[in-house]
Amino acid sequence: MGSLLQLQDLNLAPSPFSSLTSTTTPAAASTSSNTIATSLSAKETAKAFLVPKLEPKLEPYDVETPIYHHQPQDPGSSTHAFLLTSSAPNYFSNSQLTTPLSQSTSSEDDNANDNYSEYNRISEHFRTAFAKRLQDQYGDISVVSDPDSRAIVPHNEDDNRNTALSSVVVSRRPKYPQRSSELVRVTDLGIEDQRYFRDLVRRTRMVYDSLRILSILEEKRRGERRTRGDLRAASAMRDCGLWLNRDKRIVGSIPGVQIGDVFFFRMELLVMGLHGQAQAGIDYLPASQSSNREPIATSIIVSGGYEDDEDAGDVIIYTGHGGQDKLNRQCEHQKLEGGNLALERSMRHGIEIHECWFDVGKSGFGVYKYRLLRIDGQPEMGSSILKFSESLRTKPLTVRPRGYLSLDVSNKKENMPVFLFNDIDNDHDPLCYQYLERTVFPVFVFTNGSNGTGCDCVSGCSDGCFCAMKNGGELAYDENGFLLRGKPVVFECGVSCRCPPACRNRVTQRGLRNRLEVFRSRETGWGVRSLDVIHAGAFICEYAGVVLTREQAQIFSMNGGGLVYPNRFSAKWAEWGDLSQIYPNYTRPSYPELPPLDFAMDVSKMRNVACYMSHSSAPNVLVQFVLYDHNNLMFPHIMLFAMENIPPLRELSLDYGVADDWTGKLAICN
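In what follows, the accompanying structure is described. Along each chain, numbering runs from 1 in the same order as the chain's sequence is written. Reporting in this predicted model follows two pLDDT cut-offs: at least 70 for local features of residues, and 80 or more for side-chain atom pairs to be given and counted; totals over whole chains, interfaces and linings ignore these cut-offs and use all residues. Each side-chain value is derived from all of the structure's non-hydrogen atoms; neither hydrogens nor water enter the calculation.

### So, the nonpolar core
Next up, step 1: Ranked by internal contacts, the top residues of the largest apolar core, which has 96 residues, are Met237, Ile540, Tyr543, Met613, Leu640, Leu652 and Leu654.
Next up, step 2: Secondary structure elements are taken from DSSP: a helix is a run of H or I of four residues or more, a strand is a run of E of two residues or more, and numbering for both begins at the N terminus. Ranked by the residues each element gives to this core, the list is headed by helix H6 (residues 191-221), at eight residues.
Next up, step 3: With 20 residues, the next largest nonpolar core counts Leu285, Val302, Ala342 and Met381 among its residues. To qualify as a nonpolar core, a set must consist of buried Ala, Val, Leu, Ile, Met, Phe, Trp, Tyr and Cys residues joined through side-chain atoms within 4.5 Å. Partly exposed residues are those whose accessible area sits between 20% and 50% of the maximum for their type, while under 20% is buried and over 50% is exposed, using a 1.4 Å probe and protein chains only.

Okay, structure coming up:
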């Protein structure tokens with residue numbers, strides 16, 4: 001594959017003014033514009049200089065410190081990060097990964113143009129006027145010699161001792177360690193190691209998501225118009241040393257990160273060690289840190305920012321970076337430098353880049369393209385799963401003509417249809433149960449412990465209202481309905497409250513929001529998965545059944561009936577919003593206090609979709625007890641929330657506390 005057009009090397013292409021300055025003498029080139037030697041008249045010269053004003057967006061080449069002023073990632077779209085891998089075994093360093101290649105040198109033009117000369121003159125005035133004053137005022141700043149520097153960078157006195165000063169940049173010493181330049185590959189992990197790293201990644205992501213949600217809420221309380229909780233969360237975790245894989249650069253699979261995991265923010269990729277650039281889509285080891293003085297690419301991001309990218313699932317045509325304006329439109333030719341050069345050089349070191357070529361993009365400008373193939377035996381790419389799930393939501397019978405037992409097992413009792421799918425055997429057991437959209441409580445629950453009081457928030461509740469006081473002074477959800485932190489029990493607004501149904505304190509009462517599917521699995525019997533992406537902290541559904549008192553449960557179990565005991569659910573709610581690693585004085589919420597639960601739920605004849613969720617000791621769904629239609633603390637609703645970003649078609653799992661040893665699932669629901 002390659003371009004059919006014969007294009008010259010655009011790195012050596014002349015500037016737009018080359019045709020006008022071709023007759024300029026060397027002496028004239030170093031003077032002002034009034035002394036340019038040309039035969040054109042003044043009018044003709046002015047007309048010739050009218051060229052389109054293109055302002056390419058800067059790409060952070062060789063930047064090791066994350067740039068925090070990038071454009072925000074759309075929360076509604078996911079980001080796909082691809083790690084560049086090779087076939088080298090076990091662990092290796094960058095000296096083993098790279099092999100010395102012939103190095104080429106290029107000479108630069110000694111004659112600066114008039115604008116650059118004027119820039120140097122102004123920079124010299126600035127340095128002379130302010131350098132001494134800045135150094136006298138601050139003890140940890142320095143004057144950097146790089147005339148092209150536009151960033152705050154650490155200063156090394158040895159590097160600048162013999163260099164002339166031409167510009168002033170204020171820099172402060174970083175408070176956190178820089179990324180290592182050592183390249184390694186992690187392979188042959190045992191089962192226990194895989195579980196350890198997966199749990200580490202899961203907990204780190206929970207800290208990031210909960211901290212991000214809380215940061216956005218705090219920014220809105222302060223009246224900030226532009227909320228960037230993703231940046232604040234990443235910065236706080238970096239300062240606390242919670243960023244992963246900073247002591248090495250992993251080429252290939254990141255331990256604990258599975259293919260298909262969904263990330264909504266680039267800063268989260270930095271926290272996990274998947275990517276090292278907050279803005280650039282290509283992460284690489286700079287030539288200055290490579291053993292053979294050539295850059296090596298380690299990961300790329302395909303997020304739809306370049307119009308020439310193609311993602312077919314098994315094949316990706318990736319477009320190099322550079323040449324875009326501030327509106328992400330291609331406005332000039334790309335150059336073989338920075339990340340583009342790193343991708344091209346990585347082909348020589350066993351990295352899975354199968355082809356590189358220079359082509360004309362859709363906008364008519366030259367772009368570098370790279371062809372990447374899915375590794376044999378690798379799980380299906382996340383982008384393919386997203387496209388497949390989207391087709392299932394709109395035309396399920398066309399995509400999967402066989403296997404559907406029902407397109408809505410809830411019989412329209414839920415806001416969203418609940419699919420029932422089985423392409424393994426003839427079992428259609430879920431069709432034999434009456435579907436419950438809400439838990440059925442005994443009548444005395446609504447009469448005992450109900451005082452009939454509620455809030456007077458006509459337009460919606462906010463922190464400080466009556467219902468917020470019942471929750472310890474703040475509401476349990478943010479404005480998007482995400483759970484801020486887990487609590488023993490959450491009081492939502494009820495029938496005695498004057499707030500509207502859209503109140504932010506009525507999240508679980510609004511019912512199902514995602515398209516769920518009950519499916520037959522060879523590993524877990526029946527399971528549940530979503531056809532939509534579920535965000536971390538989002539409400540999924542209620543675990544519904546018929547509530548039995550302790551006496552009723554004893555009689556029922558004597559007759560051989562199976563029951564679900566809510567007090568056995570693992571207290572995973574305590575992990576969501578746990579910021580003890582960020583704030584040393586953090587304490588787990590203990591108010592409102594919930595007494596020991598002493599009831600059971602019968603799901604033998606009536607149940608809902610949640611009863612088919614599988615058991616896992618490392619679940620992606622947590623149980624949060626909620627009260628809204630009564631105030632009896634002994635009988636709360638069992639509400640389920642996402643502990644992490646759950647991609648489509650990934651099985652939902654709960655920690656039931658007690659599970660069947662053979663199926664990993666409660667026998668009553670198998």
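### Comments concerning the state of the cysteines
Next up, step 1: A pair of cysteine sulfur atoms is labelled a disulfide when the two atoms are within 2.5 Å. Under the definition given, this model contains zero disulfides.
Next up, step 2: Looking at the unpaired Cys457, the closest cysteine sulfur is the one in Cys461, lying at 3.9 Å.
Next up, step 3: Overall, the relative accessible area of 15% leaves Cys457 in the buried class.
Next up, step 4: Looking at the unpaired Cys493, the closest cysteine sulfur is the one in Cys461, lying at 3.3 Å.

### What about the packing of aromatic side chains?
Next up, step 1: Only rings of Phe, Tyr and Trp enter the pairing, Trp through its six-membered ring, and a pair is recorded when the two centres are within 6.5 Å. The plane angle decides the type: under 30 degrees is stacked, over 60 is edge-to-face, the rest tilted. Under the counting rule described, the total for this entry stands at twelve aromatic pairs.
Next up, step 2: With 5.6 Å between their ring centres and 35° between their planes, Phe569 and Tyr656 make a pair best called tilted. With a gap of 87 residues between them, Phe569 in the loop between strand S18 (563-564) and strand S19 (600-602) and Tyr656 in the segment after strand S24 (653-654) connect regions that are remote in the sequence. Here Phe569 matches Tyr656 in class, with each residue buried.
Next up, step 3: Plain terms: the ring middles of Phe599 and Phe635 are 5.3 Å apart, the flat faces sit at 35° to each other, and that makes the pair tilted. Of this pair, Phe599 sits in the loop between S18 and S19 while Phe635 sits in the loop between strand S22 (621-627) and strand S23 (637-642), and the two are 36 residues apart along the sequence. Like Phe635, Phe599 is buried.
Next up, step 4: One aromatic cluster in this structure is built from Tyr404, Phe419 and Phe421.
Next up, step 5: To sit over a ring, a charge needs its Lys NZ or Arg CZ within 6 Å of the ring centre and within 35 degrees of the ring normal. For the cation-ring pair, Arg400 lies above Phe421, with the distance from its terminal atom to the ring centre recorded as 3.9 Å.
Next up, step 6: The ring of Tyr433 carries Arg607 above its face, with NZ or CZ at 4.0 Å from the centroid.

Purely geometric stuff here, so don't read any function into it on its own.
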